[in-house]
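# Geometric and topological summary
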Amino acid sequence: MRKITAGLFISLDGVIGEPQDWHFPYFNDEMGAAVGAQLIGADTLLLGRNTYEGFADAWPEREAAGGEDAGMAAALGDARKIVVSHQDLELTWRNSEQLKGELVEAVTELKQQPGATDIAMSGSPSIVVQLLAAGLIDELHLLVHPVVLRSGLRLFDEGESIPLRLLSSQAFETGVLHLVYGPTAPPAPVSYDAVKGQLSQDEQ
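Quick summary incoming for the structure in this document. (Residues numbered from 1 in each chain as written. Predicted model: local features only at pLDDT ≥ 70, side-chain atom pairs only at ≥ 80, totals over all residues. Heavy atoms only, no water.)

## Let's talk about the packing of helix 2 (residues 49–65) against helix 3 (residues 70–78)
Where helix 2 contacts helix 3, the axes come no closer than 8 Å and their chain directions differ by 125 degrees. Considering their axes alone, helix 2 and helix 3 lie oblique with respect to each other. Along this stretch, helix 2 crosses helix 3, giving a crossing that reads as left-handed. Along its contact with helix 2, which presents Trp 59, Arg 62 and Glu 63, the element helix 3 presents Ala 70, Met 72, Ala 73, Ala 74 and Leu 76. Considering only residue class, the contact of helix 2 with helix 3 consists of 6 nonpolar, no polar and 2 charged. (Axes fitted to C-alpha atoms, helices over the stretch in contact; angles between N-to-C directions. Helix = DSSP H or I, 4+ residues; strand = E, 2+ residues; numbered from the N terminus. Parallel < 35°, antiparallel > 145°, perpendicular 65-115°, else oblique. Left-handed = near helix turned anticlockwise from the far one by under 90°. Contact = heavy atoms within 4.5 Å. Nonpolar A, V, L, I, M, F, W, Y, C, P; charged D, E, K, R; others polar.)

Okay, here's the thing in structure tokens:
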């Protein structure tokens, strides 16, 4: 079964909205390498409509311009791009198609298709949360920025808890933390008395 990775820029207080307004001061070569590895390591991109439209507006022009990021732009253009939307879309970027069917069932089928490389997601927070809750995301890459925004769209709102386990962590020179989480079973219940007893032992 193919692996799905999802990458998001996020603030310390969980905001992921409008990253163009707060993310760029923290971008450096370390972050570029992390983002590139997550995206370029895939031959299929799974994107929400807003993320797709932003990518489609920017990356083809960057590829045509032939600048420093033209190689990444070409790789993204060559990848299969699957767009999640309830609206009928006009997809102008090459190798683009719209996801057909109900999200969880369609993505489950997508994971089961033959393929040696990952399926990558970037942005698309509402879709990430739904797939994470369904246990379909294998790696959640959070680039945690050292800033408290205090307002804006947050990744998680009210709902059932989603247990995760930390797969890896890396601190960048900018103070950004690259945290990678994967699915796990819920932890066993622990009573307050058990915790209190452990605290008492630690104090001895």
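## Overview of helix 2
Here helix 2 is 17 residues long and its end C-alpha atoms lie 25 Å apart, about the 24 Å a rise of 1.5 Å per residue gives. Maximum bend of helix 2: about 30 degrees, positioned at Ala 56, with proline Pro 60 one to four residues after it. Within the span of helix 2, buried status applies to Thr 51, Tyr 52, Phe 55, Ala 56 and Trp 59. The elements touched by buried residues of helix 2 are strand 2 (42–48), helix 3, strand 3 (80–84), strand 4 (96–98) and strand 5 (118–122). (Expected span 1.5 Å × (residues − 1). Bend = angle between axes of the 7 residues up to and from the residue. Buried < 20%, exposed > 50% of the residue type's maximum accessible area, 1.4 Å probe, protein only.)

## Looking at the pairing of strand 7 (residues 164–171)
Alignment of strand 7 against strand 8 (residues 177–183), held across 7 bridges, turns out to be antiparallel. Counterpart to Arg 165 in the pairing with strand 8 is Gly 182. (Pairing = 2+ DSSP bridges.)

## Remarks on unusual backbone geometry
Backbone geometry places Asn 95, a non-glycine residue, at a positive phi of 60 degrees. With respect to the secondary-structure elements, Asn 95 resides in the loop between strand 3 and strand 4. Of note in this structure, Arg 150 is not a glycine but carries a positive phi near 70 degrees. One can find Arg 150 in the loop between strand 6 (139–145) and strand 7.

## So, the sheet that holds strand 7
The mixed open sheet is built from 8 strands, whose spatial order is 4-3-2-5-1-6-8-7. On the outer flanks of this sheet lie strand 4 and strand 7, each paired with one strand and no other. The sheet shows a mean angle of 25 degrees between the axes of neighbouring strands, direction not considered. Sheet topology note: the strand 3/strand 4 ladder contains 3 bridges and is parallel. Counted as the bridge partner of Val 83 is Gln 98 from strand 4. Packing of helix 2 onto the sheet brings it into contact with strand 2, strand 3, strand 4 and strand 5, and relative to strand 2 it is tilted by some 120 degrees.

## Notes on the pattern of salt bridges
Applying the stated rule across the entire model yields 9 salt bridges. Between Arg 94 and Glu 63 there is a salt bridge, with the nearest N and O atoms lying 3.1 Å from each other. Separated by 31 residues along the polypeptide, Arg 94 in the loop between strand 3 and strand 4 and Glu 63 in helix 2 bring together distant segments of the chain. When its relative accessible area of 34% is taken as the criterion, Arg 94 is described as partly exposed. In this structure, Asp 138 and Lys 111 form a salt bridge, with 2.9 Å as the shortest nitrogen-oxygen distance. Of this pair, Asp 138 sits in the loop between helix 5 (125–133) and strand 6 while Lys 111 sits in helix 4 (residues 103–112), placing them 27 residues apart in sequence. Put simply, Glu 63, Asp 78 and Arg 94 are held in one network by salt bridges that share partners. (Salt bridge = Lys/Arg side-chain N within 4 Å of Asp/Glu carboxyl O.)

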